[in-house]
Amino acid sequence: FFQEMEKLVACVHKRPDALCRLICFPWAGGGTLQLAEWGKLFSDSIEVFCIRFPGRETRLKEPFAKDMTSMVNEVASVLLKVLREKPFAFFGHCFGSQLSFAVALHLKEKYRLEPVHLFISGANAPHSEGFLAIKSSPVSDVKDEDILAYIKILGGTPSEFLHNEDIRKQMVLTFREDIRVLQTFSFEKAEMHIPFSCDITCFNGSDDKAYDVQAWQELTSGDTSFYELPGGHFYLLEPSNESFLTKYITRCIENAGL
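Residues numbered from 1 in each chain as written. Predicted model: local features only at pLDDT ≥ 70, side-chain atom pairs only at ≥ 80, totals over all residues. Heavy atoms only, no water.

The name an unreviewed UniProt entry gives the chain is S-acyl fatty acid synthase thioesterase, medium chain, with Oriolus oriolus as the organism. Here is the UniProt Catalytic activity (unreviewed entry) comment for the chain, exactly as written: "(9Z)-octadecenoyl-[ACP] + H2O = (9Z)-octadecenoate + holo-[ACP] + H(+)". The chain has a UniProt comment under Sequence similarities (unreviewed entry) that states "Belongs to the thioesterase family." (UniProt positions renumbered as here; feature names shortened; annotations may be inferred.)

Right, here's the structure in full:
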């Protein structure tokens, strides 16, 4: 169990006595570097876990995930024991938002476990028009240089990475594989079925493209809030926004009456 956990989770600031865990899910092509560091920004009441996807960092030699289901199954089975121990919340950015939603859905349907709060960043709801458009875009036909150009436009990647050819190739491959996984995810919202009862907060960068965030409201009977923070797709890496996010997330978790 310990090995599986070490492989899947980056936890730089261990807080065994924390009241709640915040499980973070990175973006397409991303690793655990930035979100795992959030651990030191939170108070002692919150322990931060960041999920490490196959095919990168210490899992570089593993094959990439084939589909969303296999990723969901891995995260749920490895984390199940710790998620039963104490309350938890999810934070996901972009691709990570969809994965966090898919994991939450699986936990709810199979184990009746639910996060105390779902924090969604830079993402369309999984049943929205915006998400369906991503699903139908042909990733395999896109040239490497076009993906690289897109990664540059999104920002969030240190320029020294982009100057190193090996790293660049690996980044493009990882991004492509993550989008391919994203395209295997389908969620049909049934007429009457509202999957969650927890609160959902959606964050967005003011200069990022518009996301269909209102559709997230249909997925919970809890409250839904929307915040736009200054910056582009990677607004969350700006220190001032990081500070806002950690304070806001702390307040939500502490107010969840744990």
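Having seen the structure, we can now continue with the description.
K.L.:
Please provide a residue-by-residue account of the nonpolar core, values included.
P.N.:
Counting residues in each nonpolar core, the largest one holds 85 residues, and the members touching the most others are Leu 22, Trp 38, Leu 79, Phe 91 and Trp 216. The element contributing the most residues to this core is helix H3 (residues 68-85), with ten residues. If near-sequence neighbours (up to four positions away) are discounted, Leu 22 is found in contact with Trp 38, Phe 42, Ile 46, Glu 47, Val 48, Phe 49, Ala 89, Phe 90, Phe 91, Phe 119 and Ile 249. (Core = buried A, V, L, I, M, F, W, Y, C linked by side-chain atoms within 4.5 Å. Buried < 20%, exposed > 50% of the residue type's maximum accessible area, 1.4 Å probe, protein only. Helix = DSSP H or I, 4+ residues; strand = E, 2+ residues; numbered from the N terminus. Contact = heavy atoms within 4.5 Å.)

K.L.:
Please provide a residue-by-residue account of the environment of Val 103, values included.
P.N.:
With respect to the secondary-structure elements, Val 103 resides in helix H4 (residues 95-111). Ignoring any residue separated from it by four or fewer positions in sequence, one finds Val 103 in contact with Phe 25, Val 72, Val 75 and Phe 90.

K.L.:
Got a sec to walk through the side chain of Gln 183? Specific residues and values, please.
P.N.:
Following the sequence through the fold, Gln 183 ends up in the loop between helix H8 (165-182) and strand E6 (199-205). Only 2.6 Å separates the side chain of Gln 183 from the backbone oxygen of Ser 137, close enough to count as a polar contact. (Polar contact = N/O pair within 3.5 Å; in protein donor to acceptor, adjacent residues only side chain to side chain.)

K.L.:
Talk me through the sheet that holds strand E4 (residues 88-93); I want residue IDs and the actual numbers.
P.N.:
Within a sheet, adjacent strands bond to each other through the backbone by hydrogen bonds, running parallel or antiparallel. Across the sheet, which stays open at both edges, the seven strands sit in the order E1-E3-E2-E4-E5-E6-E7 with mixed pairing between neighbours. Edge positions in the open sheet fall to strand E1 (9-10) and strand E7 (224-229), since each of these has one partner strand only. Of the pairings in the sheet, the one linking E1 to strand E3 (residues 46-51) comprises two bridges and is antiparallel in character. Each residue of the ladder has a partner; that of Ala 10, found in E3, is Cys 50. (Pairing = 2+ DSSP bridges.)

K.L.:
Go over unusual backbone geometry, please, and point to the residues and values.
P.N.:
Even without a glycine there, the phi angle at Glu 57 is positive, about 50 degrees. Along the polypeptide, Glu 57 turns up in the loop between E3 and H3. Even without being a glycine, Arg 112 presents a positive backbone phi close to 55 degrees.

K.L.:
Could you give me a rundown of the pattern of salt bridges, with the residues and numbers involved?
P.N.:
In the structure shown here, the tally under the stated rule is 13 salt bridges. A salt bridge links Lys 7 to Glu 62; the shortest N-O distance between them is 3.9 Å. With Lys 7 in helix H1 (residues 2-8) and Glu 62 in the loop between E3 and H3, the pair connects residues that are 55 residues apart, well separated along the chain. The exposure class of Lys 7 is partly exposed, given its relative accessible area of 27%. When the shortest N-O distance is used, the salt bridge between Lys 108 and Glu 114 registers 3.1 Å. Shared partners join several salt bridges into a network, and the residues in it are Lys 7, Arg 59, Glu 62 and Glu 74. (Salt bridge = Lys/Arg side-chain N within 4 Å of Asp/Glu carboxyl O.)

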